[in-house]
Amino acid sequence: MIAVALTRIAAEPKGSQATRFLPHTPQSLLADPTLRVMATIEGTPLTEALAPLKPLAALLRRARALEMADLTPIGVTGAPLDEVAHAGLWAGAADEITARLNDVSTGLKDGLRQLKKQTEACFDHWRIAYQILPASRVGGPGKSADDAALRQLCDAINQSLARLAPILPGGEVPMLSAERVDADAAAREAELASLMTTLNARLDAARARLAEGGVAATDASSLTAQRGRLRAGVDALRLLLGRPQFPIVPRFAPMPGLLAPLGPAQSIPVGLDIWPRLRSRIGPLLALDGLGKGDPYALRMGRDHGESASADDPRSEEDAPRKHVFARLIGTASALSFTSGFAGFVIDEWTETRPARMQPSALAINYDAPQAEPQNVILLGVPASLDARDWDEAAAARLMREMIRWMQIRAASTQETLLTRSILPDSNVVADARRNNSFVPRIPVRKTPALKLLPFFSLTEGFHRATADFGFRTSGLTELGGRGGKRRGK
Amino acid sequence: MGHQRLVSTNTSPDISDALSARIADGLWFLARQWQMGEFEGENGGAPAQIILSQRVLPFTGVTLGPDVPPVPSSISPLEPLERLVEREPDEGGQPLAWNSETLSYDFAMHAGEATLRVTGYDGRALDWHDFVPERGVALNWAPALPDMVVTPGMIAFPGAPEPRHWTIEDGAAHFDSAFDPEPNVLSMLLPEFFYTDLKNWVVAPAPMPAGAMRKIDRVEVVDSFGVVTEVGPVADAGLRLFDVMDDDMRADLPDLVGKVMMLPAVAAQVVDCDVVEEVAWLRDEASNLVWAHERRLTDPTSGESASTGTEVAKDTLTTAVAGRYFTLASDVARAYIPYVPRQLAPTDRGEGEIGLRRGRTQREATPDAPQYRSEMVGESRWLHHETIPQTGLRTRRLARYARGADGEPHFWTGRDRDITPRDSRPGREVDYLRDESGE
């Protein structure tokens, strides 16, 4: 019995007892060379009949590789898991396989005999038929290509066939020729001869494999000898069938002496280590009675979530542990290879996370960044002159200066009032750092009547002198309060 | 007769015009920004690089229980700290760090000369805030590590205003309107923080090893003009999160204020497995008692676990003579262990305090065959009076599992303490008349 507990944790344990569980999607399962047997029976009439055997066959295939040392830890110490008891078990299975082998080979031999008889009869008739043709025939089939009588016969048949041409699709008529008649006969005979040769070769190979595997080795107390017998029997049976990977499940007779100590879950704490004591609900699942009976606990395949994640995240596994699927194995053979797939019963499943050795932490720093923000419009500038191909600094500065002037003009409100001071006190006042905490209007204050604005729109250099005359009521700031809004006098 | 009325509409099913946000007056935007003071530069640069100089001091030992002087045992940062603290000794008995009078764990961690003490850890979610430094934090810091140069990032959180006005903000996050701030003043402070100060906060990622203390020696900010500014710790104690120092230590060690962080090597996730024992601790004001209700027990020999919920009280009152009987107290099931308040002996500090002494309700119980069956009740002969709140407690012994930082699996039997999830009264009646049918 191989039991596996799946766990999904965030990283791969290094040097731990838990062993990596390599997952299989159904596609990868089919591609797995060790599981190809299962793939070959997919989609055949045998599929339905063999489906319940699949998990069992996988388990038994693994079990055949188990050694005594692997079996001993499962169960209570002192359970009758000695070699003699096991050798008897294997001997029984080998006997059963041998019986099946004998059945198959006997059937095959009978079939071969009948085939040979029928083949000879068939070609005897053919030869007789040749000899009664109108002309004298020498040499039998295969040597009549020049025979005039056969040609005439073929011509006669072809003439009647030609009359059928109008009603055949495409007007193609399979005309007879003497060469074709001969070649067909020769091919049939060669095919049958080849089949018989193949079947005889299979019989020989099976016989040779059985001899090599030591059918004669009947030492009942030797587990190795009985295992050799069983393997030889299975191989011979496959050779007979001509399918070297065909799934053949040996039948082991139930042995009460072995089943009793393995049955109750609480009697196998050694193989399970500490786990059943911590997770009492898995106890019933460990009873071996459920093995192969309706399979209440489905065989599950794990899936590795780490492969795509590792492609996205270049950090090392130490710094950023990723999700993997792991299994805790109970009483398995050390010879199991986890690179080639694995089958077992899930007895417990949980999720866990591995802490990283370096953990994310950060410093929050209060740093008074400049408050200036990029403008909310994109300035598309036209070169200053048609002659200038590229921008130079002076041209760019000129563009910016003009833009600022236009912006200031745009800021002048069209709602002219006759007020002489701000509607909201200090709404246009900012601190002037150059003048020792004195305040200056952010938007220039206008003191002259609105009519005197007219020269300003000429966009002359005189603008800077005129800016001192712009006041709050021309700024459009009719809804703001406080000292300069957002900046609060900074 | 009839008439038709034609009504124009200004709605359109096509929103492409609206989405294109065509601007006919770019100068208006510029003017608005000018008026709002957004073009006022301060000749300052934005932080472009942050240089950290730091020292790291790993924890090397732990003292389990209130040992004085401490006898630290060495620890590994790869093993979850929870297992180290909570596990019961292999030979049985209560964990060394378990305080049976307060039903919690007490232990201390050592890093060099420094000691950080944890008092009253309840077996759940151990983290830095449980630790209080005791002495010697200033001593024996390791040499400074090579300077760490990091690129700062802006502080961001769901719902924060986007740095660009044309970015669509998170519509799912809603903060209260600043115009109706009641009753939560935070709803006014938070938008204020968004709009005036958020851009002044940057984050410097600085990962640190688990199972260590870290001291930040120096933080230098290099701005986009290459100006280097040294930044000190926040002066306001209320803003210093993740600070393990208490007020006394801050007064004694001003150089360390706001510079020390700690990160214990705790498990990322502790898997709770089977519950071995569960005890509910409940106050019973009518009886002036504390009951310890053993809800779940496990036979140490067979490992069989069972709930005591179906146990009934042994009848000691019924008599064969019919009549009405005055009854002092009704029978209580075995699983309910009483704790009786007792005045402790006077101490130097004054009158003796009130303690809770374990008692029994079954007359036949003896010290050799006690009424209690759980280990936790067996350990707690005395309880601190203030340990059991009015709402009651639940303590459990349970199998736990966690994976260490090196991937090794760790098992232990630990304990936890929680508020009691459901009422578990003994159903005890006192001072009443009982009818006996005499049958």
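Trainee: Can you help me understand the overall build of chain A in this one?
Mentor: For chain A, the helix and strand inventory stands at 15 helices and 8 strands. Within chain A, the fraction of its 490 residues that count as buried is 37%. Taking the intrachain contacts of chain A between residues at least 6 apart in sequence as the baseline, contacts between residues at least 24 apart amount to 71%. When the accessible surface of chain A is summed, it comes to about 28,600 Å², and 59% of that surface belongs to carbon and sulfur atoms.

Trainee: Looking at this structure, how should I read the overall build of chain B?
Mentor: A tally of regular secondary structure across chain B gives 6 helices and 24 strands. Residues classed as buried in chain B amount to 40% of the 439 residues present. The long-range share in chain B, meaning contacts at least 24 apart out of those at least 6 apart in sequence, stands at 65%. For chain B, the exposed surface amounts to about 24,700 Å²; the carbon and sulfur share of it is 54%.

Trainee: What is the right way to look at the nonpolar core in this model?
Mentor: Soluble globular proteins tend to bury their nonpolar side chains together. Counting residues in each nonpolar core, the largest one holds 42 residues, and the members touching the most others are F107, F131, M213 and W281 of chain B. In this structure, M213 of chain B is in contact with R55, V56, L57, F59, A111, A114, L116, W141, M208, V260, M261 and M262 of chain B, ignoring residues within four places of it in sequence. By size, the runner-up hydrophobic cluster in this structure holds 21 residues, among which are A94, I97, L203 and A206 of chain A.

Trainee: In this structure, what is going on with the confidence of the model for chain B? I would like to understand it.
Mentor: Any residue range with low pLDDT should be treated as having predicted coordinates unsuitable for detailed reading. The pLDDT averaged across chain B works out to 83; a share of 90% of its residues lies at or above 70. As scored by the predictor, the complex reaches a pTM of 0.55 and an ipTM of 0.74.

Trainee: Mind showing me how you'd approach the confidence of the model for chain A here?
Mentor: Residue and element names in this part refer to chain A. Scored by pLDDT, chain A comes out at a mean of 60, with 36% of its residues at no less than 70. Segment residues 133-145: pLDDT under 50, and 24 contacts once partners within four positions in sequence are set aside and those in other chains are kept. Within the model, the stretch residues 327-344 combines pLDDT values under 50 with 58 contacts to residues more than four positions away or in other chains.

Trainee: Is there a simple way to explain the sheet that holds strand 9 (residues 153-154) of chain B in this structure?
Mentor: In any sheet, the strands associate via hydrogen bonds between backbone groups, in a parallel or an antiparallel arrangement. Strand order in the open sheet formed by 3 strands is 6(A)-10(B)-9(B), and the pairing between neighbours is antiparallel. Taken across any chain shown, the strands that pair with only one partner, and hence form the sheet edges, are strand 6 (362-366) of chain A together with strand 9 of chain B.

Trainee: Any chance you could explain the packing of helix 14 (residues 393-411) of chain A against helix 2 (residues 26-35) of chain B here in plain terms?
Mentor: In helix packing, the relevant descriptors are the interaxial angle and the interaxial distance, both defined with respect to the helix axes. In the contact formed by helix 14 of chain A and helix 2 of chain B, the axes pass within 8 Å of each other and the chain directions differ by 80°. Looking at the two axes, helix 14 of chain A sits roughly perpendicular to helix 2 of chain B. Two secondary-structure elements touch here, helix 14 of chain A through M403, W406, M407, Q408, R410 and A411 of chain A and helix 2 of chain B through L27, W28, L30, A31, W34 and Q35 of chain B. Broken down by class, the residue content of the contact of helix 14 of chain A with helix 2 of chain B amounts to 9 nonpolar, 2 polar and 1 charged.

Trainee: I'm lost on unusual backbone geometry in this one. Help?
Mentor: Negative phi values dominate among residues other than glycine, just as trans dominates among peptide bonds. Residues and elements named next belong to chain B. The phi dihedral of A125 falls on the positive side, at around 55°, and the residue is not glycine. Looking at the element boundaries, A125 is found in the loop between strand 6 (114-121) and strand 7 (132-135). Note on A125: relative accessible area 66%, which makes it exposed.

Trainee: When you look at the side chain of R358 of chain B in this model, what are you seeing that I'm missing?
Mentor: Residue and element names in this part refer to chain B. Relative to the elements of secondary structure, R358 occurs in strand 20 (residues 354-358). Buried charge without a partner: R358 forms no salt bridge, and the closest opposite charge is E294, 8.5 Å away. There is a polar contact of 2.9 Å between the side chain of R358 and the backbone oxygen of V377. In this view, R358 contacts I337, P338, Y339, Y372, V377, G378, E379, S380 and R381; residues no more than four positions away in its chain are not counted.

Trainee: Just checking my understanding: could you explain the environment of N200 of chain B for this structure?
Mentor: Among the structural elements, N200 of chain B can be located in the loop between helix 4 (186-197) and strand 10 (201-205). Given the relative accessible area of 5%, N200 of chain B is considered buried. It is 9.6 Å that separates the C-alpha atoms of N200 of chain B and P47 of chain B, two residues lying 153 residues apart in sequence. When near neighbours in sequence (up to four residues on either side) are disregarded, N200 of chain B contacts I365, N366, Y367, D368 and A369 of chain A.

Trainee: When you look at the packing of aromatic side chains in this model, what are you seeing that I'm missing?
Mentor: The geometry of two aromatic rings is summed up by the distance between their centres and the angle between their planes. Residue and element names in this part refer to chain B. Under the criterion given, the structure shown has 8 aromatic pairs over all chains. Centre to centre, the rings of W291 and Y336 are 6.2 Å apart; their planes meet at 90°, and the pair counts as edge-to-face. Linking W291 in strand 16 (residues 289-298) with Y336 in strand 19 (residues 336-343), this pair joins segments that are 45 residues apart in sequence. For the pair W291 and Y336, one class covers both residues: buried. By the ring-pair criterion, three or more aromatic residues cluster together here, those being W98, Y105, F107, Y121 and F131. One residue, R415, lies across the ring of W98, its end atom 5.1 Å from the ring centre.

Trainee: Just to check I follow, could you spell out helix 4 of chain B for this structure?
Mentor: Each α-helix winds once per 3.6 residues, and so residues spaced three or four apart point in a common direction. All of the buried residues in helix 4 of chain B are S187, P191 and F194 of chain B. Mapping the buried residues of helix 4 of chain B onto a view down its axis gives an arc of 50°, with all of them on the same face.

Trainee: Teacher, can you tell me more about the pattern of salt bridges here?
Mentor: When charged atoms on two side chains of opposite charge get close, those side chains can pair. Across all of its chains, the model carries 29 salt bridges over all chains by this definition. Notably, a salt bridge pairs D95 of chain A with R229 of chain A, separated by 2.5 Å at the nearest N-O pair. Here the residue D95 of chain A occupies a position in helix 6 (residues 83-131), and R229 of chain A occupies one in helix 9 (residues 223-241), the gap between them amounting to 134 residues. Assessed through its relative accessible area of 42%, D95 of chain A is described here as partly exposed. A salt bridge links R124 of chain B to D416 of chain B; the nearest nitrogen and oxygen atoms lie 2.8 Å apart. Here R124 of chain B, found in the loop between strand 6 and strand 7, pairs with D416 of chain B, found in strand 23 (residues 409-419); they are 292 residues apart in sequence, far enough to count as distant. The network of salt bridges with shared partners includes E86, R124, D272, R394, R396, R400, D416 and D418 of chain B.

Calculation rules
Residues numbered from 1 in each chain as written. Chains lettered and ligands numbered in written order. Predicted model: local features only at pLDDT ≥ 70, side-chain atom pairs only at ≥ 80, totals over all residues. Heavy atoms only, no water. Helix = DSSP H or I, 4+ residues; strand = E, 2+ residues; numbered from the N terminus. Buried < 20%, exposed > 50% of the residue type's maximum accessible area, 1.4 Å probe, protein only. Contact = heavy atoms within 4.5 Å. Areas by Shrake-Rupley, 256 points an atom, 1.4 Å probe, with all protein chains shown as cover. Core = buried A, V, L, I, M, F, W, Y, C linked by side-chain atoms within 4.5 Å. pLDDT = per-residue confidence, 0-100. Pairing = 2+ DSSP bridges. Axes fitted to C-alpha atoms, helices over the stretch in contact; angles between N-to-C directions. Parallel < 35°, antiparallel > 145°, perpendicular 65-115°, else oblique. Nonpolar A, V, L, I, M, F, W, Y, C, P; charged D, E, K, R; others polar. Lys, Arg positive; Asp, Glu negative; His and termini not counted. Salt bridge = Lys/Arg side-chain N within 4 Å of Asp/Glu carboxyl O. Polar contact = N/O pair within 3.5 Å; in protein donor to acceptor, adjacent residues only side chain to side chain. Phe/Tyr/Trp six-rings, centres within 6.5 Å; stacked < 30°, edge-to-face > 60°. Lys NZ or Arg CZ within 6 Å of the ring centre and 35° of its normal. Arc of directions from axis to C-beta.

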